[in-house]
Amino acid sequence: MIVCENLVKIYKAADLEVVALQGLDLTVEDGELMGIIGNSGSGKSTLLNMLGGLDRPSAGKLFVAGKNLFRLSQAELIQYRLRTVGFVWQNNARNLIPYLSAQQNVELPMLIAGQRKRDRAGELLEIVGLGHRKKNKLNELSGGEQQRVAIAIALANQPKLLLADEPTGSVDSRTAAMILDLFQELNRSMGLTVVIVTHDLEIARKVDRVVAIRDGKTSSEILRRSSAGEEGEETGRSDIEVETHEEWAVLDQAGRIQIPQEYLQEIGADGKMKIELEEGRIVLYPPPPKHASVQAK
């Protein structure tokens, strides 16, 4: 569904240049449910805007659903945004028009695309659990309900890819769990590819894969695995599964990896590190304490 190769994005203002993405590589399979995490300024929202056709890359390769986003004209980009991707924003003001009802909001992208399917709008509101609220306006809906209407809007024109930018950032933890459950259900029932950008590390429990972006590059991935646990082994029952999460460092095209800062702090690494090849493993060691080298002399 998504292929990013050596993706670069540079913003220019007068004589100032800001590099938001520095050679990012990423592949997302068709039908995958995945999350993207990273600190503010890491480049994750920039990536989402480019996947959504809202911003153009500066260099590299970017394909979504077989379309080369570098080569799309402005008119083709408009059609891409209307029919290929659906977008859910954190700020509901970007998703909803306050003086329209929930159903009218869902119908709007259909009208823009040249079609109006009242029945489909009603069906989408039923799918997100708001069929009974279709006549209500924005001020009559809670924050969580507004976000579910926004998801229905994003699905209006049957997109192949659903992008969500901090969709749980403005709701409480209980509502956030409901919204993530909804994304999970849409992914499973519709086969929809879903990419969620978030600060919430709990998302790892709801998605197949979490990609961490640091300094404009894909630095690591967390994969969710299901396997028989000790209880299942002891009882002989195969239906008892334990979910584990494994973190994998990503090797870029130049053979570089980014090591999480908390790992480096844990071993006291600062600047240089000793590297050795031991029995098929690459092992990194922090330098010895400065006082130790002085004593050795």
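Note: the structure precedes this text.
Below, the structure is looked at part by part. Throughout, a residue's number is its position along its own chain's written sequence, starting from 1. Since the coordinates come from a predicted model, pLDDT governs what is reported: local features require at least 70, and pairs of side-chain atoms require 80 or more to be given and counted, while whole-chain, interface and lining totals use all residues. Only hydrogens and water are set aside when side-chain values are computed; all heavy atoms of the structure are taken into account.

### Quick word on unusual backbone geometry
At step 1: Positioned with a positive phi, N6 is a non-glycine residue whose angle comes to about 50 degrees.
At step 2: Strands here are runs of E lasting at least two residues and helices are runs of H or I lasting at least four, both read from the DSSP assignment and numbered beginning at the N terminus. Residue position: N6 is located in strand β1 (residues 2-13).
At step 3: Positive phi, normally seen in glycine, also occurs at E279, with a value near 50 degrees.
At step 4: Along the polypeptide, E279 turns up in the loop between β12 (274-278) and β13 (281-285).
At step 5: Note on E279: relative accessible area 81%, which makes it exposed. Partly exposed residues are those whose accessible area sits between 20% and 50% of the maximum for their type, while under 20% is buried and over 50% is exposed, using a 1.4 Å probe and protein chains only.

### Considering the packing of helix α5 (residues 143-154) against helix α6 (residues 173-190)
Packed helices, taken two at a time, are described by the angle their axes make and the gap between the axes.
At step 1: Geometry is summarised by axes, namely lines fitted to C-alpha atoms with helices restricted to the contacting stretch, and by angles between N-to-C directions that run from 0 to 180 degrees. Taken N-terminus to C-terminus, the directions of α5 and α6 make an angle of 20 degrees; their axes are 10 Å apart at the nearest point. It follows from the interaxial angle that α5 and α6 lie roughly parallel. Judged by the sense of rotation from one axis to the other, the crossing of α5 with α6 is right-handed. Residues G144, Q147, R148 and I151 of α5 touch α6, and the partners they reach there are T175, M178, I179, L182, F183 and L186.
At step 2: Amino acids are sorted into nonpolar (Ala, Val, Leu, Ile, Met, Phe, Trp, Tyr, Cys and Pro), charged (Asp, Glu, Lys and Arg) and polar (every other residue, Gly among them). Of the residues in the contact of α5 with α6, the class split is six nonpolar, three polar and one charged. Reported orientations rely on four angle classes, namely roughly parallel under 35 degrees, roughly antiparallel over 145, roughly perpendicular from 65 to 115, and oblique for the rest. Take the far helix as the reference: if the near one is turned anticlockwise from it by less than a right angle, the crossing is left-handed, and if turned clockwise, right-handed. In this description, contact between two residues means that some pair of their heavy atoms is separated by no more than 4.5 Å.

### Details of the sheet that holds β1
At step 1: When DSSP finds at least two bridges between two strands, those strands are taken to pair. Strand order across the open sheet formed by four strands is β2-β1-β4-β5, with antiparallel pairing between neighbours. Only two strands of the sheet have a single partner each, and these edge strands are β2 (16-28) and β5 (67-68).
At step 2: For strand β4 (residues 59-64) and β5, the ladder comprises two bridges, and the chain directions are antiparallel. The residue bridging V64 from the neighbouring strand is K67, located in β5.
At step 3: Across the sheet, helix α1 (residues 44-51) touches β1, β2 and β4, and the angle it forms with β1 is around 110 degrees.

### Observations regarding the environment of A177
At step 1: Looking at where A177 falls in the secondary structure, it is placed in helix α6.
At step 2: The sequence separation of A177 and E202 amounts to 25 residues, and the corresponding C-alpha distance is 9.3 Å.

### Re the pattern of salt bridges
Two side chains bearing opposite charge may form a pair once their charged atoms approach each other closely.
At step 1: By definition here, a salt bridge exists when the distance from a side-chain nitrogen of Lys or Arg to a carboxyl oxygen of Asp or Glu is within 4 Å. Within the structure shown, the criterion is met by seven salt bridges.
At step 2: Across the pair R209 and E32 runs a salt bridge whose closest N-O atoms are separated by 2.7 Å. Of this pair, R209 sits in strand β9 (residues 209-214) while E32 is found in the loop between β2 and β3 (33-37), placing the two residues 177 residues apart along the sequence. One exposure class covers both R209 and E32, and it is buried.
At step 3: Its salt-bridge partner being E276, residue K274 comes within 2.9 Å of it at the nearest N-O pair.

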